Amino acid sequence: MISEFQDLSDKIDRLAQLTQSLRAENYLLRQANTLLSAENLAFKERLIQAQHRVEALLEQFPAPEAPPTEDGTDEASEATQ
């Protein structure tokens, strides 16, 4: 009977150690998650800034000319007639 209590005590000790280990791991994972979330937010902001810069550059280009129609006339000149 004493050995049964000792076995139970050993199991409880192992469970307590595992619980402590999992809590420590959970804490580290939460810290890593917080850092990665902040990094992800910074990347999103940089992406938005880059998108705005590209859009500003595209606005500086002139509009493309309309291609000629099959009969060889320019669509833009036909619209003004």
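Above: the structure in question.
Quick summary incoming for the structure in this document. Source: prediction; values computed, not measured.

Further remarks concern the overall build of the protein. Helix and strand content of the protein: 2 helices and 0 strands. By the burial criterion, 0% of the 81 residues in the protein qualify as buried. Accessible surface, the protein as shown: approximately 7900 Å² in total, 59% of it carbon and sulfur.

Let us look at a nonpolar patch on the surface. On the surface, Met-1, Phe-5, Leu-8 and Ile-12 cluster together into a nonpolar patch covering about 480 Å² of accessible area. What makes Phe-5 exposed here is its relative accessible area of 54%.

The rules behind each value
- Residues numbered from 1 in each chain as written.
- Predicted model: local features only at pLDDT ≥ 70, side-chain atom pairs only at ≥ 80, totals over all residues.
- Heavy atoms only, no water.
- Helix = DSSP H or I, 4+ residues; strand = E, 2+ residues; numbered from the N terminus.
- Buried < 20%, exposed > 50% of the residue type's maximum accessible area, 1.4 Å probe, protein only.
- Areas by Shrake-Rupley, 256 points an atom, 1.4 Å probe, with all protein chains shown as cover.
- Patch = residues over 30% accessible without salt bridge, like charges linked within 9 Å, V, L, I, M, F, W, Y side chains within 5 Å.
- Salt bridge = Lys/Arg side-chain N within 4 Å of Asp/Glu carboxyl O.

Remember, this is a structural readout, not a statement about activity or role.
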